[in-house]
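# Observations on the model geometry
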Amino acid sequence: LDFAAQGRAVTINDFKTIVPKVYANTKSVQVYGGEDNDVPVYGRVYISIVPTAGIITASAKDKIVTDLKNTYTIASITPVIVDPEYTKLRLGISFTYNSKNTTKTQETLVSNVNTTVNNFNTNSLTQFDGAFRHSQFTKLIDETDNAITSNITTVELSKDFIPTIGTPTKYTIPFNNALHNPHAGHNKELGGILDSTGFLISGDTNEMFLNDDGNGNARMYYIADGTTKTYVDNTAGTINYSTGEIVLNSLNITSVSNVDGASSTKVRLIVRPESNDVIAVRNQVLEIDLNN
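Residues numbered from 1 in each chain as written. Predicted model: local features only at pLDDT ≥ 70, side-chain atom pairs only at ≥ 80, totals over all residues. Heavy atoms only, no water.

Right, let's talk about the overall build of the protein for a bit. Scanning the protein from terminus to terminus reveals five helices and 17 strands. Each principal axis of the C-alpha distribution contributes one length, and for the protein these read about 65 × 60 × 35 Å. Counting across all 292 residues of the protein, residues that qualify as buried make up 45%. Counting contacts in the protein only where the partners sit at least 6 residues apart, residues at least 24 apart contribute 65% of the total. With the model as given, the accessible surface of the protein reaches about 14,800 Å², and the carbon-plus-sulfur share is 47%. (Helix = DSSP H or I, 4+ residues; strand = E, 2+ residues; numbered from the N terminus. Buried < 20%, exposed > 50% of the residue type's maximum accessible area, 1.4 Å probe, protein only. Contact = heavy atoms within 4.5 Å. Areas by Shrake-Rupley, 256 points an atom, 1.4 Å probe, with all protein chains shown as cover.)

The structure is reproduced here in structure tokens:
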């Protein structure tokens, strides 16, 4: 690829070869043309980088673009650095084992399965063009120990967004995978296939959450008396089950609740995908949510 590029960045593969030279802290790089963007922007090439360590600062991004412009790109191409979009897999793993085939304790087997999960996350995900293949993953769980006879693994997806505190704002959260909706109104009474962590909105002291009605509407509610969902907005946004895009119309969030038991600046959305196989596209990176 380096020979084919001849020191210039013209094609997608050229950029994939040259970017690690410009920025040594590159673990994985994804490049796509502006014509492949959700809203086509011709003449641009979008570059997303997963760093080997730490984060990529704004000054580092500027330097990458400057170095590419000054040395490698042609005049008609404008490079743009975009951050990776992380989508997390929330896996529910239950396995069965034959105690007659092992001297190991249940706790040891659980620990070994967790090691399998961690290794899969490191080796097969956390970089661009990753894919979670359900059958491949469950096979690895079964092969963790000879005593394991089977497993059932469920899949949910989550993404976080950082709200603009105190300002009505529209949020677009793309999952880039189809979401489960076998029929209109699916699971409407129980909250559809969307869930969220909590947040407060302007003018209300109740902790708010989000779900959907199975008909493409995101709903906002709070829990009264500890159990009853009280809806304050049945059209707080939209959920496109075919594309996996969620749009929240205009939320004026004043603060966010704890996430994973710790203070946070983010709101988390959780959904159920249509398929147990999950594919990353463009600057999307898949990783397993090891805390959940």
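For the rest of this paragraph, the subject is helix α3 (residues 58-72). The α-helix advances 3.6 residues per turn, and as a result positions three or four apart in sequence lie on the same side. With 15 residues, α3 ought to run about 21 Å at 1.5 Å a step, and its terminal C-alpha atoms sit 21 Å apart, in line with that. Where α3 is concerned, the buried positions are Ala60, Lys61, Ile64, Val65, Leu68 and Tyr72. Mapping the buried residues of α3 onto a view down its axis gives an arc of 140°, with all of them on the same face. Along α3, exposed side chains directed more than 90 degrees from the buried face belong to Ala58, Ser59, Asp62, Lys63 and Asn70. (Expected span 1.5 Å × (residues − 1). Arc of directions from axis to C-beta.)

Our focus in this paragraph is the side chain of Ser196. Within the fold, Ser196 resides in strand β8 (residues 194-196). Polar contacts involving the side chain of Ser196 include one to the main-chain amide nitrogen of Leu210, which spans 2.9 Å. Ignoring sequence-local partners within four residues, the contact set of Ser196 consists of Phe209, Leu210, Arg268 and Leu269. (Polar contact = N/O pair within 3.5 Å; in protein donor to acceptor, adjacent residues only side chain to side chain.)

Turning next to the sheet that holds strand β17 (residues 284-288). With respect to topology, five strands assemble into an open sheet ordered β8-β15-β6-β4-β17, the strand pairing being mixed. Only two strands of the sheet have a single neighbouring strand rather than two, namely β8 and β17. Across this sheet, the average inter-strand angle for adjacent strands is 30°, counted without regard to direction. For strand β4 (residues 85-97) and strand β6 (residues 148-161), the ladder comprises ten bridges, and the chain directions are antiparallel. In the sheet register, Leu89 faces β6, and the bridge partner there is Leu157. (Pairing = 2+ DSSP bridges. Axes fitted to C-alpha atoms, helices over the stretch in contact; angles between N-to-C directions.)

What follows deals with the sheet that holds strand β3 (residues 78-81). If you walk across this open sheet you meet the three strands as β1-β2-β3, and the pairing is mixed. With one partner strand each, in any of the chains shown, β1 (26-33) and β3 form the two edges of the open sheet. Neighbour-to-neighbour, the strand axes of this sheet turn through a mean angle of 25°, independent of strand direction. Where β1 and strand β2 (residues 44-51) come together, seven bridges link them in antiparallel fashion. Within β2, the position partnered with Ser28 by the bridge is Val50.

In the structure shown here, the tally under the stated rule is eight aromatic pairs. Ring plane angle 90° and centroid distance 5.9 Å describe the contact between Phe120 and Phe132, whose orientation is recorded as edge-to-face. With Phe120 in helix α4 (residues 106-124) and Phe132 in strand β5 (residues 131-132), the pair connects residues that are twelve residues apart, well separated along the chain. Both residues of the pair, Phe120 and Phe132, belong to the buried class. On the numbers, 5.6 Å between centres and 55° between planes, the contact of Tyr221 with Tyr231 is tilted. A residue pair is termed long-range when its members are at least 10 positions apart, and Tyr221 in strand β11 (residues 217-224) and Tyr231 in strand β12 (residues 228-240) qualify at ten residues. You can call Tyr221 buried: its relative accessible area is 6%. (Phe/Tyr/Trp six-rings, centres within 6.5 Å; stacked < 30°, edge-to-face > 60°.)

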